[in-house]
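Each chain, letter by letter, is given below.
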Protein chains: 2
Amino acid sequence: MMTNAWVQTLQLSLPSLKDNTADADRLIQALKSRLGSDDIAVDLDLLKTLPDVLRNAEYHIRCVLYKDRGGWGISDILPAEDPAPVLGMAVDLGTTRVVLRLVDLSDGRPLAESSFDNPQLAVGPDILTRIHHADSTEGQGHLQGLIVDGLNREMAALCASRGFAATDVFLMAIAGNTAMTHLFMGLNPCWIIREPYIPVVNRPGTHRASQLGLCVNPCARVFVFPNIGSYFGGDLIAGILYSGLNQLDETAILVDVGTNAEVVLGNKNWMIACAGAAGPALEGGAARMGMMAGPGVIDRVAINPDTLQMDIHTIDNLPPVGICGSGLIDLAAQLFLCGMLDIRGKLVASACGSRLKEIEGMKHLVVVEGKDSAAGRDLSISQADIDSLIRSKAAMYTILETLTASVGMAPRDLTRFYVAGTFGSFINPVSAISIGMIPDLELNCYETLGNSSLGGAARILESSELFEEVDRIQSSITYLELNVNQDFMNRFSAAKFLPHTDPSLFPSVRKKVIG
Amino acid sequence: MMTNAWVQTLQLSLPSLKDNTADADRLIQALKSRLGSDDIAVDLDLLKTLPDVLRNAEYHIRCVLYKDRGGWGISDILPAEDPAPVLGMAVDLGTTRVVLRLVDLSDGRPLAESSFDNPQLAVGPDILTRIHHADSTEGQGHLQGLIVDGLNREMAALCASRGFAATDVFLMAIAGNTAMTHLFMGLNPCWIIREPYIPVVNRPGTHRASQLGLCVNPCARVFVFPNIGSYFGGDLIAGILYSGLNQLDETAILVDVGTNAEVVLGNKNWMIACAGAAGPALEGGAARMGMMAGPGVIDRVAINPDTLQMDIHTIDNLPPVGICGSGLIDLAAQLFLCGMLDIRGKLVASACGSRLKEIEGMKHLVVVEGKDSAAGRDLSISQADIDSLIRSKAAMYTILETLTASVGMAPRDLTRFYVAGTFGSFINPVSAISIGMIPDLELNCYETLGNSSLGGAARILESSELFEEVDRIQSSITYLELNVNQDFMNRFSAAKFLPHTDPSLFPSVRKKVIG
C-alpha cells in the first residue's frame, strides 16, 4: 500500500517567547519531521498570506503539497477544519483524444472522468502537420492556446459535474507524447522531427499551473511526465509506471500498438526501449473502409470455417459504416485461417468466391454488401489494404524480435506481455497471434492495460511515493535506436508472411489453419 | 581563495543520433559534472528560448546561475562569445540609508558603489512607525513601493554610471534587518513587534527579481539574507559572514552598535547572539544637539587636560551644527578624563567653570559658543543628555557582560572584538573604553568592519561557495532572550558608573583619569 502525502494535516506548536521561530520556518520544521525531507519550498505568494492563515486556524492546518526535482513544495495552506475539497487532475494528453480523471487528492480516490477531441485536430490530425504549423511563433501559440483552452473548458465541466470548481484542483499530472508535451508547454517542437531528433527537455518537471495558462487553483502545480527522446514520450513512461513493469522480478514487455509502435522490455533492474513506425494500418486509418472506432464501426469479425459466412460485430450494433484497426486484424486473421488469404497475404480467388471483385484492376473483398451497410454501398477491403496491414504487423513483430534479440531473448521467451493504450485493449490477441503480429504466447501472458497513460498519471496523484519512481524509470531506460539495417530488413521480410516464414514460431496458429 | 561559479562557460557535446539527450538535459548534465551537484533547475521561460540560444551559439555558452535551498538554478544562457556584462548587486537595506555595490558576477570584482536615503523615511524615521503604517494592505504596499522604487532608481543610476544597464544585473544579494526585509518583500511585519515577536519567515531564500518588482534582468534572482528572529536580522548574519567569525578557532565577539545593540559571540563551532535596546543616545539621536553624521557635525572631541580647552573636529571642517554619536562618546570620555564629569556622570561645576549654564533648571555644558557655531547659537549638552548616554553605554556593556557570562566568560577574556556597521566604524575605541561602554582590551583586539552588512552581501556575489555558509551561520546561532531580570538589572546599575563601579575592570582608564 503506497501512501499519499499530498495533503497533510498538522497542528503546529504555538509561537512563544521560548520559541520565536518564524511562521514559515515553523511550518517547514513540522513538515520536515512528517515527511522526512529537508527540502521544502514555500513561495513568496504563500508567505504573504501565511501569518493570517496560521493565526486564524490556530496553527491547525492542512498543507497541500507538490514535489519538484526530489524536493517538496507547499502549494497552499488551509485551515484544518475547512472542509474545502482538495482535488487532483490526471490528464492523458493524446494526439487525437484527451482524457481527464478527477481525483480526491487527500486519498487518491477517483471521482470522475471525461474526454474530448484534441482541439489541435483542427490544425491537423497528425503530429507532423502540427509541428510544421508551430514553425512560427504565432502557430506555436495557436496550438498551445487550442489545447490549453480545451483543457480549461473540460476541467471546468468535469469539476462542475461533481459539484466542484476548477479552483479546487491543486495538483495536475500530465502524460503525453513528446511532441504533444512540447506543444502544450509552449516549447518549440521543431527539433523533434529534424535529425538528430532532439527535444527541448527530457524532464519538464513541475510548474505553476498559471504559468501554463491552466485555470485551476492559482497556486496549483502541474507535473509533466518526462520522455526519453522525441519518439518515446511521457505517455509511455506513465504506461510503464501503471503496468508496474519497473518493479517486476521477471522480464516483461510492454507494447503500445499504434501508427508508431513503442515497446519497452525489462524488469526492476533494467529496461530497454525502442519505437518504430508500424504504419497506420494497425489503427485502421489506412484501409479504404478503415476508420477510428465509433458507432457502426466493425470491431469484431468471425468467419464460419464451414460456410465461410462472415459474422461481423459493430459498435453499438448499428449498420456497418467501416472497420477499425481491431476489426481489421480480426478480419485478416479470419480470412487467413479459413484459406481466403494465403501465407503471403494474398486473396485466394477460389476461396473468396463471389465476395471477390476487381475494381480498377485491384482485387477487393466485399466484407459487407450494400444492402447491409449503413450507406447502402458495399464495404470492401482491397489487396492493397491487406498488404498495408501485413507490412504493419511485420514491422510490429520485427520490432519485438529486434528488441528481445538485443538482450539475447526471443519473443516466445516472454511470460508477460502488457498491451498499453486504449487501442491495444480492443485487439483480440488470438487474431493478432494468428497473423503473426505478436508472439504465440499463452493467452494469460497477455494483459491489456487500457489507457495506461492516464492510469500512470493518476498513480502519481494517488501516491506521492511514486513521484520519484517516474524519474527512476526515465533514467533507467536504455533507448535502442532502431537503425533499419540488413538484419532488421531480413527479419522484416520473414515477418511479412502469415503468420511468419517460420511457422514453428506460431504453433497455435498452425493447428487452426484450414487445409 | 573561494571560487566563484555564478557564471560558467561550457562547450556542450553536440546532439547526434547516438546522443539524443534533450537540450535542457544536455545542459544540466554538463553543469552537473562542472558543479558536482545533481540539483539544477531550469525554468519554463528559459526552456522556451533554449533551443535557439544553444544552436545559435553552437552549444558554446555562458550559464548564469543562482542557488536556492541548496540547489542550483539557471537564470539565463548567453553565447560564450557574447561580451555582454553579467553583473551582481549587493544591497545593505538599512532603515535609514540603503547602500548598493555593483559587482562583476563573473569574478566578483567590485565595480561601483552608491547609497541613498531609505525613501520610507517619509513615512517615519523609526521602524516602529513604519510597521504601524503597514497595518493596512495599502500602507504595506506603499512602504514596499517606496523602497522598491528607490532601489530601481538607484540601481539604474549606478549601472549607468559605469556604462551598464540595470538589465545587466542577474543576481542580487540583499541584507537588511528583519523588519526592513519584511517591508521590502511585501510580507506582513505586524507580528514582529507583538509578543512573542514572530517573523513571517526566517529564511526568505531566493526569488525572481521581477516577483519583487525589481527592474533588473527579467530572469534575475534575488537572494534575501535570513534572520534568526525579529531582532536579529539578515544584516547581522551578513555581518558575521563578512567578519569571518563563523570560521575562527578562537572565540570572538561581533557587536553592531546602534539604537539596538546586536551582539554575537562565538567561533567556528558555536555562536550565541542577543539583541537589546541600547537607546538612541549612542547614535547621537537623543541629545538636544545630537544628530546624524553629516557636514558640520562634530565627530571628534579632545580636551586639553591642562587648559580644559576643547578641540573639536567637524565633518568637512565646517562650522559646527551639532554632534553625532561618535562625537558624543568622545566628548563624554574627555569630560570624564579631565574631571568635568564625575564617576556618576554628573557635570562637576568646579571643573566646568564658565562653560556650565543653568537652563530651565537643568545643568548644560556649552560645547561650542554661539560665535563659533554655524547657527550663531550656543551648542550645549545637558545633564539629561549625558544621563541618557550613560544609560545607553551601560546597556551596551551589560549586554556584553550578560552574553559572555552565559558561556562562562568575562568581557575582558575576549581577544577579538569586531565592531560592525557604519556607525561603529566612527567610534574611537579609546573613548568608548574610557566611558566603560566596551571592555578594556588591547586596542589591536578591536577591528572595525565598516558596512559589514553590505560586505556580507557582496561576499555571496564574490563566491558562490559561501552561499551555503549563510544558512549554516543562521542555523548555528543560539539566540539568547535578554530577559531583563534582577541579574541584568544589577549588572546594569554597576555599569552606569564611569567607567564602572568596579574600576579594576578598566585599568587603562584608571591611569588616565586626572586627579
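Keep in mind it's a predicted model, so treat the numbers as computed, not measured.

Asker: Got a sec to walk through the relation of the copies chain B and chain A? Specific residues and values, please.
Answerer: After a rotation of 180° and a shift along the axis of 0.0 Å, chain B superposes on chain A with an RMSD of 0.1 Å. Both copies of the chain, as the preceding transformation shows, are related through a two-fold rotation axis. Proximity to the rotation axis, assessed at the C-alpha, singles out Gly71(B) in chain B; its C-alpha lies 5.0 Å from the axis. Here 100% of the interface residues in chain B have copies in chain A that are interface residues too; the copies meet face to matching face.

Asker: Describe the packing of helix H9 (residues 383-406) of chain B against helix H14 (residues 486-494) of chain B, listing the residues and the values that go with them.
Answerer: Residue and element names in this part refer to chain B. At a minimum axis distance of 8 Å, the contact between H9 and H14 shows a crossing angle of 130°. Here H14 runs oblique to H9, going by the angle between their axes. Of the two elements, H9 crosses H14, and the hand of that crossing is right-handed. In contact with Arg391, Ala394, Ala395, Thr398, Ile399, Glu401, Thr402 and Ala405 of H9, H14 contributes Phe488, Arg491 and Phe492. When grouped by side-chain class, the residues that make up the contact of H9 with H14 number 6 nonpolar, 2 polar and 3 charged.

Asker: I'd like a rundown of the interface of chain B and chain A, residues and numbers included.
Answerer: Counting residues at the interface gives 43 residues for chain B and 43 residues for chain A. Between chain B and chain A the total buried area reaches about 3700 Å² when both faces are included, carbon and sulfur atoms providing 57% of it. On inspection of chain B and its partner chain A, the count reaches 2 salt bridges. Here Asp39(A) ties to Arg69(B) by a salt bridge, and the two come within 2.1 Å at their closest N and O atoms. Summed over the shared surface of chain B and chain A, the result is 14 residue pairs in polar contact (both at pLDDT 80 or more).

Asker: I'd like to hear about empty space enclosed by the protein, residue by residue, with values.
Answerer: Residue and element names in this part refer to chain B. Under the criterion given, the structure shown has 2 cavities of 30 Å³ or more. The space that makes up the largest cavity amounts to roughly 40 Å³. Lining the largest cavity are Leu328, Leu331, Ala332, Leu335, Leu341, Ile381, Ile386 and Leu389. Elements supplying a minimum of two residues to the lining of the largest cavity: helix H7 (325-337) and H9. Counting residues per element, the lining of the largest cavity draws most heavily on H7, which supplies 4 residues. Residue composition of the lining of the largest cavity, by class: 8 nonpolar, no polar and no charged. The calculated volume of the second largest cavity comes to roughly 30 Å³. A breakdown of the residues in the lining of the second largest cavity according to their chemical character gives 6 nonpolar, 1 polar and 1 charged.

Asker: Please set out the nonpolar core residue by residue, giving values where relevant.
Answerer: With 103 residues, the main nonpolar core has Leu27(A), Phe225(A), Met89(B), Leu151(B), Met172(B), Phe184(B) and Leu214(B) as its most contacted residues. It is helix H4 (residues 137-161) of chain B that provides the largest number of residues to this core, a total of 7 residues. In terms of nonpolar packing, the next biggest core, distinct from the first, is built from 102 residues, Val216(A), Leu50(B), Leu236(B) and Leu461(B) among them.

Asker: Requested: an account of unusual backbone geometry, with residues and values cited.
Answerer: Residues and elements named next belong to chain A. A cis amide bond links Glu195 with the next residue in sequence, Pro196, at an omega value of 0°. Put simply, Leu498 and Pro499 share a cis peptide bond, and its omega is -10°. Looking at the element boundaries, Pro499 is found in the loop between helix H14 (486-494) and helix H15 (507-512).

Asker: Any chance you could break down the pattern of salt bridges for me, citing the residues and the numbers?
Answerer: Here the structure, examined in full by the defined rule, presents 46 salt bridges over all chains. The shortest N-O distance in the salt bridge between Arg472(A) and Glu469(A) comes to 3.0 Å. Highlighted residues: Arg472(A) and Glu469(A), both in helix H13 (residues 467-476), separated by 3 residues, approximately one helical turn. Two residues, Lys357(B) and Asp378(B), come together in a salt bridge whose shortest N-O distance is 3.2 Å. Taken together, the residues Lys357(B) in strand E17 (residues 356-359) and Asp378(B) in the loop between strand E18 (362-368) and strand E19 (379-382) connect sequence positions 21 residues apart.

Asker: Describe the confidence of the model for chain A, listing the residues and the values that go with them.
Answerer: Looking at chain A, the pLDDT average stands at 94 and 98% of residues meet or exceed 70. On the interface metric, ipTM, the complex scores 0.92, and its pTM is 0.93.

Asker: Can you lay out the packing of aromatic side chains for me, pointing to particular residues and giving the numbers?
Answerer: Evaluation of the coordinates by the stated rule reveals 16 aromatic pairs over all chains. Residues Phe417(A) and Tyr446(A) carry aromatic rings whose centres are separated by 4.8 Å and whose planes lie at 50° to one another, so their mutual orientation is tilted. Taken together, the positions of Phe417(A) in strand E20 (residues 417-420) and Tyr446(A) in strand E21 (residues 446-450) put the pair 29 residues apart, joining distant regions of the chain. Residues Phe417(A) and Tyr446(A) agree in their burial class; the two are buried. Site record: aromatic cluster; members linked through ring pairs are Trp6(A), Trp72(A), Phe223(A), Phe225(A) and Phe467(A). Taking NZ or CZ as reference, Arg194(B) lies 5.7 Å from the ring centre of Trp191(B), over its face.

Asker: An account of helix H6 (residues 234-243) of chain B is requested, with residue identities and associated values reported.
Answerer: Residue and element names in this part refer to chain B. The buried count for H6 comes to 9 of 10 residues, which makes it a mostly enclosed element. Taken residue by residue, H6 has Gly234, Asp235, Leu236, Ile237, Ala238, Gly239, Ile240, Leu241 and Ser243 as its buried positions. Gly244 occupies a position one or two residues after H6 and carries a positive phi of about 80°.

Asker: I'd like a rundown of the sheet that holds strand E16 (residues 322-323) of chain B, residues and numbers included.
Answerer: Residues and elements named next belong to chain B. The 3 strands are arranged E15-E14-E16 in an open sheet whose pairing can be described as mixed. Every other strand in the sheet has two partners, leaving strand E15 (310-314) and E16 as the edge strands with one partner each. The pairing of strand E14 (residues 297-303) with E15 spans 5 bridges and is classified as antiparallel. Paired with Ala302 across the two strands is Asp311, which belongs to E15. On the sheet, H7 packs against E14, E15 and E16 and is oriented at approximately 15° with respect to E14.

Asker: A description of the sheet that holds strand E2 (residues 40-42) of chain B should follow, citing residues and the corresponding values.
Answerer: All names here are of chain B. Taken in spatial order, the 4 strands make up an open sheet running E1-E3-E4-E2, and their pairing is mixed. Strands at the two margins of the open sheet, each flanked by one partner only, are strand E1 (7-11) and E2. On average, each strand axis in the sheet is tilted by 40° relative to the strand beside it, whichever way the strands run. In this structure, E2 lies alongside strand E4 (residues 71-79), joined through 3 bridges in parallel fashion. Considered in E4, the bridge of Val42 is made with Ile74.

Asker: Could you give an account of the packing of helix H4 (residues 137-161) of chain A against helix H5 (residues 178-185) of chain A, naming the residues involved and the relevant values?
Answerer: Residue and element names in this part refer to chain A. Two numbers describe how H4 lies on H5: the axes approach to 7 Å, and their chain directions differ by 90°. One way to sum up the angle between H4 and H5 is to call them roughly perpendicular. Only Met180, Leu183, Phe184 and Met185 of H5 make contact with H4, whose side of the interface consists of Leu143, Gln144, Ile147, Val148 and Leu151. Tallied by class, the residues present in the contact of H4 with H5 amount to 8 nonpolar, 1 polar and no charged.

Criteria and cut-off values
- Residues numbered from 1 in each chain as written.
- Chains lettered and ligands numbered in written order.
- Predicted model: local features only at pLDDT ≥ 70, side-chain atom pairs only at ≥ 80, totals over all residues.
- Heavy atoms only, no water.
- Least-squares fit on C-alpha atoms with pLDDT ≥ 70 in both.
- Contact = heavy atoms within 4.5 Å.
- Axes fitted to C-alpha atoms, helices over the stretch in contact; angles between N-to-C directions.
- Helix = DSSP H or I, 4+ residues; strand = E, 2+ residues; numbered from the N terminus.
- Parallel < 35°, antiparallel > 145°, perpendicular 65-115°, else oblique.
- Left-handed = near helix turned anticlockwise from the far one by under 90°.
- Nonpolar A, V, L, I, M, F, W, Y, C, P; charged D, E, K, R; others polar.
- Buried area = accessible area lost by both parts, 1.4 Å probe.
- Salt bridge = Lys/Arg side-chain N within 4 Å of Asp/Glu carboxyl O.
- Polar contact = N/O pair within 3.5 Å; in protein donor to acceptor, adjacent residues only side chain to side chain.
- 1 Å grid on protein atoms, 1.4 Å probe; cavity = no way out; pocket = protein on both sides within 12 Å on 5 of 7 lines; lining within 4 Å.
- Points joined across faces, edges and corners; volume = space filled by probe spheres on them.
- Core = buried A, V, L, I, M, F, W, Y, C linked by side-chain atoms within 4.5 Å.
- Buried < 20%, exposed > 50% of the residue type's maximum accessible area, 1.4 Å probe, protein only.
- pLDDT = per-residue confidence, 0-100.
- Phe/Tyr/Trp six-rings, centres within 6.5 Å; stacked < 30°, edge-to-face > 60°.
- Lys NZ or Arg CZ within 6 Å of the ring centre and 35° of its normal.
- Pairing = 2+ DSSP bridges.

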